[in-house]
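Structural overview for review
Chain by chain, the residues run as shown.
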Amino acid sequence: MTAPTHTPSSHTPTMPTSAGGTLHEPVIDWFEAHARDLPWRRPEAGSWGVMVSEFMLQQTPVNRVLPVYEQWLARWPRPADLAKEAPGEAVRAWGRLGYPRRALRLHGAAVAITERHGGDVPTEHAQLLALPGIGEYTAAAVASFAYGQRHAVLDTNVRRVLARAVTGVQYPPNATTAAERRLARELLPDDERTASRWAAASMELGALVCTAKNETCQRCPIAAQCAWRLAGKPAHEGPARRGQTYAGTDRQVRGKLLAVLREALTPVPQAVLDRVWDEPVQRARALDGLVSDGLVEPLPGGLYRLPLT
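Here's a quick rundown of the structure.

The final tally for this structure, using the stated rule, is two cavities of 30 Å³ or more. Roughly 120 Å³ of internal volume is contained in the largest cavity. Lining the largest cavity are 14 residues, with Arg164, Cys210, Cys217, Cys220 and Cys226 sitting closest to its centre. Partitioning the lining of the largest cavity into residue classes produces eleven nonpolar, one polar and two charged. In this structure, the second largest cavity spans a volume of roughly 70 Å³. Looking at the second largest cavity, the residues that line it are His151, Ala152, Val153, Leu154, Val158, Leu162, Ala184, Leu187, Leu188, Trp198, Ala199 and Ser202.

Structure below.
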């Protein structure tokens, strides 16, 4: 997560949005030459494979996603296959990807796709957006990457590329702003296929070259046009950016509790869960949070299991 950044001052050079056309070709050409061969980019992945990858890749690096993704698609090659399973099985298969509510949301989307769309991931952006657990970013990403449609796809990597190349600042704001959405729409190529390639290419550029900590401008296809580089790479002026902590947090405790439940084939007694973390107040808070989020189902007699409904 990045800290809020400053609004460019009057002397900060910015690239006019009309220059978007000069960005598309070099970035797409770079992508064609340097894009990673990822399974969700292959034709056989289909729209369901794209959707699964988008859920898994939220706040999780590619190298951690790859093995879980492959196992997931082997077990549930279509939405209907997942929809037939208990939601707890999705949580179990999610493993240690983190943020396990994503597993429940993906299961809910699979059920809705099966019930509303005959088991096929819908093609229309509005229909995608209406699925449970899918927000603006995921709907745009699936429409663009699976169906080649023209949508502004704004993940952290794309936002950082646009912040530097066009706006002239080192980091984008903490949360996506209306101004960022407007800029992304203005920069979209008119042609649908080109627009979908631009979405993928600008995302890959942010992931591999224009990274958060170690940008490699000598490898960047648009370095000569980058407003931030041309301004001398002015330093971030907002609050200090801090990485997310994990050790000792409720997230860590939740993860330990879920790990026990994922491995168990039968309901787990409270006493077994009590052994995963020494501090009783934090442990109870974490367990209550898992129950509240629908990730854990309490049973009579102090037993717990992954959810069946």
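What follows picks up the thread again.
This part covers the packing of aromatic side chains. Applying the stated criterion across every chain yields a total of three aromatic pairs. Consider the rings of Trp72 and Trp76, whose centres lie 4.6 Å apart with planes at 75°: the pair is edge-to-face. Trp76 carries the same exposure label as Trp72, and that label is buried. Here Trp72 and Trp94 contribute two aromatic rings whose centre-to-centre distance is 5.7 Å and whose plane-to-plane angle is 80°, an arrangement assigned as edge-to-face. Residue Trp72 is located in helix 3 (residues 62-75), and its partner Trp94 is located in helix 5 (residues 87-94); the two are separated by 22 residues in the primary sequence. The two residues Trp72 and Trp94 agree in class, both being buried. A connected cluster of aromatic rings, assembled from ring pairs, spans Trp72, Trp76 and Trp94. One cation-aromatic arrangement involves Arg251 over Tyr99; the distance from NZ or CZ to the ring centre is 4.4 Å.

Attention now goes to the pattern of salt bridges. One pass over the structure, following the stated rule, counts 16 salt bridges. Of the charged contacts in the structure, one is a salt bridge between Arg42 and Asp37, with a shortest N-O distance of 3.1 Å. Among the residues examined, Arg42 registers a relative accessible area of 32% and is labelled partly exposed. With a closest N to O distance of 2.7 Å, Arg285 and Asp250 form a salt bridge. A residue pair is termed long-range when its members are at least 10 positions apart, and Arg285 in helix 15 (residues 280-292) and Asp250 in helix 13 (residues 250-263) qualify at 35 residues. Accessibility expressed as a relative area gives 44% for Arg285, which makes it partly exposed. Put simply, Arg75, Glu85, Glu89 and Arg92 are held in one network by salt bridges that share partners.

Turning our eyes to something else, we now look at unusual backbone geometry. Its identity is not glycine, yet Gln59 carries a phi of approximately 60°, on the positive side. Along the chain, Gln59 turns up in the loop between helix 2 (46-56) and helix 3. Judged by its relative accessible area of 56%, Gln59 is exposed. Here Tyr99, not a glycine, exhibits a phi torsion of approximately 45°, which is positive. Summarising the element assignment, Tyr99 is placed in the loop between helix 5 and helix 6 (101-117). With a relative accessible area of 24%, Tyr99 lands in the partly exposed category.

The rules behind each value
- Residues numbered from 1 in each chain as written.
- Predicted model: local features only at pLDDT ≥ 70, side-chain atom pairs only at ≥ 80, totals over all residues.
- Heavy atoms only, no water.
- 1 Å grid on protein atoms, 1.4 Å probe; cavity = no way out; pocket = protein on both sides within 12 Å on 5 of 7 lines; lining within 4 Å.
- Points joined across faces, edges and corners; volume = space filled by probe spheres on them.
- Nonpolar A, V, L, I, M, F, W, Y, C, P; charged D, E, K, R; others polar.
- Phe/Tyr/Trp six-rings, centres within 6.5 Å; stacked < 30°, edge-to-face > 60°.
- Buried < 20%, exposed > 50% of the residue type's maximum accessible area, 1.4 Å probe, protein only.
- Helix = DSSP H or I, 4+ residues; strand = E, 2+ residues; numbered from the N terminus.
- Lys NZ or Arg CZ within 6 Å of the ring centre and 35° of its normal.
- Salt bridge = Lys/Arg side-chain N within 4 Å of Asp/Glu carboxyl O.

By themselves these figures say nothing about function.
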